[in-house]
Amino acid sequence: MLKNSQLRVRLFAVHGGVALACGLAVLYLSLLAANPFFSAMAIVIALVLCGAAITLAGIADWFAAAETPRRSLRQILLYALAGICFVAAGCFLGFSTSATLQVLLLLVIAHGLIFGSLGLLSALRLKHKGVDAVVIVFFGLLSIAMAGWMAGRIREFTDHSALVWIGAYLCLVGAKLFFFAGDERYHALHPHRRLSTAPPGSG
């Protein structure tokens, strides 16, 4: 149990670090994209950077699959499939000439809607709803709201504004995953708190 928890902490931390670093880099590239002379170069760099970041996340999932105890077949399959999807998407963005900023926006929108909805579902399934559930709901709603906003305005985005929203969303993902890493580590060190701690009036 402790090994699985440590594995999740490392996975959350690696994914969070990659997402946050990529988000900050994309925000910096959005400044370059505001200049028409550098816009095309900034977009290419952003696509390659995001492709590399997604690929690294997929490789991290493969390492997680390799380190998962053999009896946890469902987790092994989940990590392996996630790794395949991430690496495939990363290779497409980083090495395909048909990859565009629109494709990257669609990937971000899909990620926000899917993982935001899964976050809300996991919060509702928590037996003891405390601060953890509130934060998960907050991240889930914010992810869905950002994805919905980008979906509604996708045709109006300039290269600069698209990179700003992509960078901001990646920073949100990084912050969310760092929270999950810290939360998982805390509950691994204080297992009884997961069951007993809940602020008054939290339900």
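S.K.: Break down the packing of helix α2 (residues 36-67) against helix α3 (residues 73-95) for me, with residues and values.
M.R.: Interhelical geometry of α2 versus α3 gives an angle of 160 degrees and a closest axis separation of 7 Å. Classified by the angle between their axes, α2 and α3 sit roughly antiparallel to one another. Along this stretch, α2 crosses α3, giving a crossing that reads as left-handed. A class-by-class count of the residues in the contact of α2 with α3 yields 19 nonpolar, 6 polar and 1 charged.

S.K.: Before we move on, could you go through the packing of helix α4 (residues 101-125) against helix α5 (residues 131-153) and cite the residues and values that matter?
M.R.: With their axes 8 Å apart at the nearest point, α4 and α5 run at an angle of 150 degrees to one another. As judged from the angle between their axes, α4 and α5 are roughly antiparallel. Along this stretch, α4 crosses α5, giving a crossing that reads as left-handed. Here Leu 105, Val 108, Ile 109, Gly 112, Leu 113, Gly 116, Ser 117, Gly 119, Leu 120, Ser 122 and Ala 123 of α4 come into contact with α5, specifically with Ala 133, Ile 136, Val 137, Gly 140, Leu 141, Ser 143, Ile 144, Ala 147, Met 150 and Ala 151.

S.K.: I'd like a description of the packing of aromatic side chains, backed by residues and values.
M.R.: Within the structure shown, the criterion is met by 6 aromatic pairs. Relative to Phe 179, the ring of Phe 139 has its centre 6.1 Å away and its plane inclined at 45 degrees; by these criteria the two rings are tilted. Placement of the pair is Phe 139 in helix α5 and Phe 179 in helix α6 (residues 159-189), with a sequence separation of 40 residues. The exposure class assigned to Phe 179 is partly exposed, which follows from its relative accessible area of 24%. Pairing Trp 149 with Trp 165 gives two aromatic rings, centres 5.9 Å apart and planes at 35 degrees, and the pair type is tilted. A residue pair is termed long-range when its members are at least 10 positions apart, and Trp 149 in helix α5 and Trp 165 in helix α6 qualify at 16 residues.

S.K.: Quick one: what's the story with α2, residue by residue and with numbers?
M.R.: Turn by turn, an α-helix covers 3.6 residues, leaving residues three or four places apart pointing in a common direction. Along its 32 residues, α2 runs 47 Å from first to last C-alpha, staying within 8% of the 46 Å computed at 1.5 Å per residue. In this structure Asn 35 caps α2, since a side-chain oxygen of it lies 2.9 Å from the backbone nitrogen of Phe 37.

S.K.: Which residues make up a nonpolar patch on the surface, and what are the values?
M.R.: Together, Leu 56, Ile 59, Trp 62, Phe 63, Leu 73, Leu 77, Leu 81 and Ile 84 line one region of the surface with nonpolar side chains, adding up to about 800 Å² of accessible area. The set of elements that each furnish at least two residues to the nonpolar patch consists of α2 and α3. Along the chain, Phe 63 falls in helix α2. In this structure Phe 63 comes out as exposed when scored by relative accessible area, which is 54%.

S.K.: I'd like a description of the environment of Gly 182, backed by residues and values.
M.R.: Along the chain, the position of Gly 182 falls in helix α6. The class of Gly 182 is partly exposed, set by a relative accessible area of 40%.

S.K.: Talk me through α4; I want residue IDs and the actual numbers.
M.R.: The terminal C-alpha atoms of α4, which comprises 25 residues, lie 36 Å apart, in line with the 36 Å expected from a rise of 1.5 Å per residue. Of all the residues in α4, the buried ones are Leu 101, Leu 104, Leu 105, Val 108, Ile 109, Gly 112, Gly 116, Gly 119 and Ala 123.

S.K.: Outline the side chain of Ser 143, listing residues and values.
M.R.: Looking at where Ser 143 falls in the secondary structure, it is placed in helix α5. Taking the relative accessible area as the measure of exposure, Ser 143 reaches 1% and is therefore buried. Sequence-distant contacts of Ser 143, defined by excluding residues within four places in its chain, comprise Gly 112, Gly 116, Tyr 169, Leu 172 and Lys 176.

S.K.: Lay out the pattern of salt bridges in plain terms, naming residues and giving numbers.
M.R.: Evaluated as defined, the whole model comprises 1 salt bridge. Its salt-bridge partner being Arg 153, residue Glu 156 comes within 2.7 Å of it at the nearest N-O pair. Given the relative accessible area of 52%, Glu 156 is considered exposed.

About the thresholds
Residues numbered from 1 in each chain as written. Predicted model: local features only at pLDDT ≥ 70, side-chain atom pairs only at ≥ 80, totals over all residues. Heavy atoms only, no water. Axes fitted to C-alpha atoms, helices over the stretch in contact; angles between N-to-C directions. Helix = DSSP H or I, 4+ residues; strand = E, 2+ residues; numbered from the N terminus. Parallel < 35°, antiparallel > 145°, perpendicular 65-115°, else oblique. Left-handed = near helix turned anticlockwise from the far one by under 90°. Nonpolar A, V, L, I, M, F, W, Y, C, P; charged D, E, K, R; others polar. Contact = heavy atoms within 4.5 Å. Phe/Tyr/Trp six-rings, centres within 6.5 Å; stacked < 30°, edge-to-face > 60°. Buried < 20%, exposed > 50% of the residue type's maximum accessible area, 1.4 Å probe, protein only. Expected span 1.5 Å × (residues − 1). Polar contact = N/O pair within 3.5 Å; in protein donor to acceptor, adjacent residues only side chain to side chain. Patch = residues over 30% accessible without salt bridge, like charges linked within 9 Å, V, L, I, M, F, W, Y side chains within 5 Å. Areas by Shrake-Rupley, 256 points an atom, 1.4 Å probe, with all protein chains shown as cover. Salt bridge = Lys/Arg side-chain N within 4 Å of Asp/Glu carboxyl O.

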